[in-house]
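# Survey of secondary and tertiary structure
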Amino acid sequence: MHDWPSLQRFGGLARFSRLGGLALLGRLEPWLPPLPLAVLLAALAVHRLPALPPAGVASAAIVAGLACLAAARREGLAALRLAGLFVAAAGWTMLRADLALGARIVAAQEGVDFVVHGHVTGMPQSFERGERFTFRIESCVDPATARAPACPAGLDVRLAWYRHFGAGRSGASRSGAAGPEEPPPAPLADSPRPGERWQLTVRLKRPHALLNANAFDAELRALEEGIAATGYVRAGRDPAWPNRRLAGRSWRPGPAIEALRTVLRDAILAALADRRADAAGVVAALSVGDQAAIPGRWWDTFNRTGVGHLMSISGLHITMLAGMAGGLARRALRHPAIGRSAMLERLPADRLKWGFALAVAFGYSALAGWGIPAQRTCWMLAVAGFSLLGGRSQSLARLLALSAAVVTLLDPWAPLSAGFWLSFASVAAIVWYGTREVPVPSAGRHASRSWRARLGSTLADAIRTQWAATLSLLPLGALFFSSFSLVGPLANAFAIPLVSIVITPLALLGTALLMPFPPLGSAVLAGVCAATGWLLDALVPLAEPRFAIAVLPAPPWPVTLAAAAAIAALLAPFRLPGRPAAFAALLPLFAQADARPAPGSLVVNALDVGQGSAIVVETPAGRLLFDTGPRYGGGSEAGARVLVPWLRARGIERLEAVVVSHADDDHAGGSASVLAGVTVDWVASSLDDDHPALAGAATRHRCWRGHRWRWGEVDFEFLHPGPERTTSRKSETNASSCVLRIASPAGVVLLTGDIESAQERFLVEKLGSDALRADLLVAPHHGSNGSSSLPFLRAVAPALAIAQAGYRNRFRHPGDKAQARYRAAGIELLRTDRDGAVSVTLRGAGRPPLVTRLRRDDRRYWRIRVD
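Quick summary incoming for the structure in this document.

The rules behind these values
- Residues numbered from 1 in each chain as written.
- Predicted model: local features only at pLDDT ≥ 70, side-chain atom pairs only at ≥ 80, totals over all residues.
- Heavy atoms only, no water.
- Helix = DSSP H or I, 4+ residues; strand = E, 2+ residues; numbered from the N terminus.
- Buried < 20%, exposed > 50% of the residue type's maximum accessible area, 1.4 Å probe, protein only.
- Contact = heavy atoms within 4.5 Å.
- Areas by Shrake-Rupley, 256 points an atom, 1.4 Å probe, with all protein chains shown as cover.
- Disulfide = S-S within 2.5 Å.
- Axes fitted to C-alpha atoms, helices over the stretch in contact; angles between N-to-C directions.
- Parallel < 35°, antiparallel > 145°, perpendicular 65-115°, else oblique.
- Left-handed = near helix turned anticlockwise from the far one by under 90°.
- Pairing = 2+ DSSP bridges.
- Phe/Tyr/Trp six-rings, centres within 6.5 Å; stacked < 30°, edge-to-face > 60°.
- Lys NZ or Arg CZ within 6 Å of the ring centre and 35° of its normal.
- Expected span 1.5 Å × (residues − 1).

The helix and strand inventory of the chain stands at 29 helices and 26 strands. Expressed as a percentage of the 867 residues in the chain, the buried residues total 53%. Counting contacts in the chain only where the partners sit at least 6 residues apart, residues at least 24 apart contribute 72% of the total. Accessible surface for the chain amounts to roughly 37700 Å². Of this, 61% is attributable to carbon and sulfur atoms.

Here it is in structure tokens:
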């Protein structure tokens, strides 16, 4: 662990890297061929480490690498230069990672109430139960926790401030995933604002996140953004330390910009209060980067139509605005009153144009929150500008290579993001394809046809660009998103010009006019909101058909490389014999077999959905989903966030059955997204027929004792509920949970929902041990102390059990008493809060099950280890 002075020096080190990186890499440009390869491979190699090496190794690697570079200045030593650059870049990545990890809180600081002074650093995001915001802790003021190193002073944390906890929510939601450990304080009179200083009582935990295969890694993003902990605001137990706003404010650049963003966002939403709320949210997102203003239901439409990149502050918008700014500067410099010869002799027009374009790009990115994708785009533009103006590189391919190296050095985690590869791949494909010769109309055409010729040329360029970008993103879409929008080219054909050329510039113009000229700004924004509404209405019919999106399983690397080579051949700017045959190399992307379990085996996948349940059971003849995970709040739920992406990554487009055990939100919260995202043959549940979770189900059944069916050699049978009524200490819905027994030659699995000790006792007495015996048990009610009774565990007698629970959840599942009972019964208890997603493959008598625990079996240095 690093001391605090070293962590403060890390901020200066990072700033130095941004200021000096461009100049240093400009001198290295003659070595460009190995440069991007070495830097990228070094960063990726470090990111494969399960743990970082001891302190000092990073510094030694940097020194050794630079020494090799210095010794390899002569010609003919390219291998030594490559090795030296690789070692130095690896050392730099390790140093940055080591310092970032050292800024996280430790396990001993979790669950402690800290009374802190600090200031709000980020624009608050509202959700249905409160607000979320980032907060810089300056000091601890409660004498009990103010002593170092216990106090997390100097760290940035992400906090939630819950209001009216549980208000208007049924008892079914008590087991939801996102709540704090106890009811939070009463609502404030007003919300925190960026830059304001506050005294707060906070409870923190390490930035632990859900971990599933082929899914977004939020722990990595927290490390990249410098988030040391997550937590929530608590009601102060000591009246001497209430939650209150303090005098003064922070005038640091970050909070000041965030305060401006907040004022502008509120002004935009107020000006559009009587307009379409969804369109107004898109306008706010494109103006100040507040993506939370867009209703969550629209993101599925954007993803299905392939325009999701347009609905946030993306590289496309930043580059387009920078280009417009450069064109405006070029025109302005032609005016005699501005472009005076004396000034242009000292500062050439090209430099002034590029300087203005870069200023607009950096300013817009700052206004949009200075997110990671925006930073990446700005540094790419800066590299291109400095290189072209310095005359050091006239090749766009070399500029892309240099940009990739710079971005990786400034942000070592960038190569792990999909946006990094999507950005460079699309630009490279457009440049590669755009260099082919295009027939130019002769000058002798009639003047009346000149505008038609120009229009035709523009449309042809647009079609060629769209073709190149779409084709280049095909393998990357399969690799990162396991899907490809078939209607994306059509949707982007009208969405890109409308959003980038009309909506975004006019939204920024209207926002700029709101303060000095409110009526004029409101009128401009009203027109933008109307155009945005037309766009949304046009996207809906494109997204509705099931064929709008193709599910492509995440391809292995040989398939990805073959597809990339095929695309390079198809877009090659020179004549290539047999070019159409390259399409054959793309077929493996679409022809990957649906990998079902081998005959005689049974696979049970317990996904990491937080405090909730979602189990995918795979047999050779069919797949069943038992429960659909929780709702997280703010329009997010496990179906869209975890289940559908996981199924698509596996190439699963169809589920033969879905079982929703009962009505609680932590078991039924993701049902709507699952039913909309994949084909489901039928749904069984204990829910009422008019329950919203079943709205998308065409065929419905009740889970009832005695209901049986068979897939191949696998038998399924519901054991509960039945006509008898049993009670529950917690909720009536828990008592009615479906209990499903799955028996196959590979083994027996018992899925139990949220039954408690009363239902367990009834099942033991009613059915006996023979009907309950299983090899694998999914722990009842997430392993609560009120379930997993010892007689029930002895009757089931499994070798393994899985408890699905959220990290440091407020219910403290699995309970200490329940865990003791599992140990007493000789049952190994696997836990998703500790192990991440868990997969168990049963293979029959005499063969031990294969167990995969993602957090333990696929370690990365940034992932939080839970003992």
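On to the environment of arginine 81, then. Examined against the element boundaries, arginine 81 turns out to sit in helix α4 (residues 78–102). The buried category is assigned to arginine 81, whose relative accessible area is 12%. Along the sequence, arginine 81 and alanine 71 sit 10 residues apart, while their C-alpha atoms lie 8.4 Å from each other.

Let us now look at the state of the cysteines. Applying the stated criterion to the full structure yields 2 disulfides. Note that cysteine 140 is cross-linked by a disulfide to cysteine 151, the S-S spacing being 2.2 Å. Given an S-S torsion of about 90°, the disulfide between cysteine 140 and cysteine 151 has right-handed geometry. With cysteine 140 in strand β3 (residues 130–140) and cysteine 151 in the loop between β3 and β4 (156–162), the pair connects residues that are 11 residues apart, well separated along the chain. Pair check on accessibility: cysteine 140 and cysteine 151 agree, each one buried. In the chain, the bonded cysteines, taken in the order they occur along the sequence, pair up as 1-2, 3-4.

In this section: the packing of helix α7 (residues 277–288) against helix α17 (residues 518–543). Relative to each other, α7 and α17 sit at 110°, their axes nearing to 8 Å. The angle between α7 and α17 places the two elements in the roughly perpendicular class. Note that α7 runs across α17; the crossing there is right-handed. The residues of α17 that touch α7, namely those facing Asp278, Ala279, Ala280, Val282 and Val283, are Leu525, Val528, Cys529, Thr532, Gly533 and Leu536.

Turning to the sheet that holds strand β20 (residues 739–744), a few remarks are in order. Strand order across the open sheet formed by 7 strands is β18-β19-β20-β21-β22-β23-β24, with mixed pairing between neighbours. Looking at the sheet topology across the chains shown, the edges are occupied by β18 (708–711) and β24 (828–831). On average, adjacent strands in this sheet sit at an angle of 20° to one another, irrespective of strand direction. Relative to β20, strand β19 (residues 714–720) is paired through 5 bridges, and the arrangement is antiparallel. When the bridges of β20 are listed, phenylalanine 716 appears paired with isoleucine 742.

In total, this model carries 16 aromatic pairs according to the counting rule given. Centroid distance phenylalanine 362 to tryptophan 379: 5.6 Å. Interplanar angle 80°. Geometry classified as edge-to-face. Here phenylalanine 362 is found in helix α11 (residues 349–367), whereas its partner tryptophan 379 is found in helix α12 (residues 372–390), with 17 residues between them in sequence. Assessed through its relative accessible area of 13%, tryptophan 379 is described here as buried. For the pair phenylalanine 420 and tryptophan 421, a centre-to-centre distance of 5.1 Å together with 80° between the ring planes defines the contact as edge-to-face. Its relative accessible area of 29% is what places tryptophan 421 among the partly exposed residues. Between the NZ or CZ atom of arginine 249 and the centre of the ring of tryptophan 251, over which it lies, the distance is 5.0 Å.

Here the focus is helix α18 (residues 557–570). Its 14 residues give α18 an end-to-end C-alpha distance of 20 Å, which sits within 8% of 20 Å, the value for a rise of 1.5 Å per residue. Taken together, the buried positions of α18 are occupied by Val559, Thr560, Ala563, Ala566, Ile567, Ala569 and Leu570.

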